[in-house]
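Listed here are the chains, written in short residue letters.
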Amino acid sequence: MAKNIQILDKTYSIDKDIDNLLEALIYIKEHKENSLGFKYSCKSGVCGSCAVVVNGKERLSCTTKVENDDTIEPLRNLPIIKDLIVDNDNIEQKLKQAKAFIQESSDTNKISQVDVDKIDIESNCILCNSCYSACPIYEVNSDFIGPFALTRAYRYIEDKKETNTKTKLNNIQISGVWDCTLCGACDLVCPQNIPIKNNIMKLQNISVQKGYENPAFSFNNDDFSSFGFNPNGF
């Protein structure tokens, strides 16, 4: 049965029996519009390069079933290079901003399977940028460190091989862990089902335990008077 899908502002008819979105894009490029730009590599949901927006939701085209009247758009909040191709330079930039990698390692810390399991799912991030496309904070503030970089920071802060966790915590305080509204939009689109929102909440708790403060609540006791309330009761 033929399907019609809209890519940007143009509708394409797929006469061949194709159920997979990536296969549909390849078919359109080979038979309908050879100038159509899109990215893919592994075709198995591992590389993350084929992420697009399908009917308003971020999806990997290689693992998505294509339906009649689907609307396909490029990822949001990122510079568009051509058609469905976006500039992913923010990946390296944000990982560096969060120091989301091993900086100083130790071979003396004993690592158990429990320690490995604690950060196992965070290690599965494929850097597809779906979470940045869905993030309402990144939409209005490109300086925001953002979802995958923060969850990667959490992964390395909790890694027992890393001895320099202080630098990582310092780097995520500004335009980082406290700027997140914990809306969970990133969780809804992550193809690896990483609990990004929960990781950011944990980073906030770790930050408080290490003496950092949420700048939104950083005020002196004297400031209570401006609210007409005296905590001492007089």
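The preceding data block contains the structure.
Here's a quick rundown of the structure. Nothing here was measured: the structure is a model prediction, and the numbers come from that model. (Residues numbered from 1 in each chain as written. Predicted model: local features only at pLDDT ≥ 70, side-chain atom pairs only at ≥ 80, totals over all residues. Heavy atoms only, no water.)

1. Things to note about helix H1 (residues 21-31)
Part 1: For H1, the set of buried residues is Leu21, Leu22, Ala24, Leu25, Ile26, Tyr27 and Ile28.
Part 2: Those residues of H1 that are buried lie in contact with strand S1 (3-7), strand S2 (10-14), strand S3 (51-54) and strand S5 (71-73).
Part 3: Measuring from the backbone nitrogen of Leu22 back to the side-chain oxygen at the start of H1 gives 3.0 Å, which picks out Asn20 as the cap. (Buried < 20%, exposed > 50% of the residue type's maximum accessible area, 1.4 Å probe, protein only. Helix = DSSP H or I, 4+ residues; strand = E, 2+ residues; numbered from the N terminus. Contact = heavy atoms within 4.5 Å. Polar contact = N/O pair within 3.5 Å; in protein donor to acceptor, adjacent residues only side chain to side chain.)

2. Some points on helix H2 (residues 90-97)
Given 3.6 residues per turn, any residue in an α-helix points the same way as the ones three and four places further on.
Part 1: Turning to H2, its buried residues are Asn90, Ile91, Lys94 and Leu95. What you see down the axis of H2 is that its buried residues fit within an arc of 125°, all on one side.
Part 2: In this structure, the buried residues of H2 make contact with helix H4 (130-134), helix H5 (136-140) and helix H6 (147-157).
Part 3: One or two residues past the end of H2 sits Lys99, with phi positive at roughly 50°. (Arc of directions from axis to C-beta.)

3. Considerations on the packing of aromatic side chains
Part 1: Tallied over the full model, the rule gives three aromatic pairs.
Part 2: Here the aromatic rings of Phe38 and Tyr40 are separated by 5.8 Å at their centres, their planes lie at 20°, and the arrangement is stacked.
Part 3: With a relative accessible area of 12%, Phe38 lands in the buried category.
Part 4: You can call Tyr40 partly exposed: its relative accessible area is 37%.
Part 5: When the centroid spacing of 4.4 Å and the interplanar angle of 50° are considered together, the rings of Tyr132 and Phe148 count as tilted. Here Phe148 lies in helix H6 and Tyr132 lies in helix H4, a separation of 16 residues in the sequence. Neither Tyr132 nor Phe148 differs from the other in exposure class; each is buried.
Part 6: Here a set of aromatic residues connected by ring pairs shows up, and it is made of Tyr132, Tyr138 and Phe148.
Part 7: The ring of Tyr156 has Arg155 lying over it, and the distance from NZ or CZ to the ring centre is 4.2 Å.
Part 8: Over the face of the ring belonging to Phe101 we find Lys168, whose NZ or CZ atom lies 5.9 Å from the ring centre. (Phe/Tyr/Trp six-rings, centres within 6.5 Å; stacked < 30°, edge-to-face > 60°. Lys NZ or Arg CZ within 6 Å of the ring centre and 35° of its normal.)

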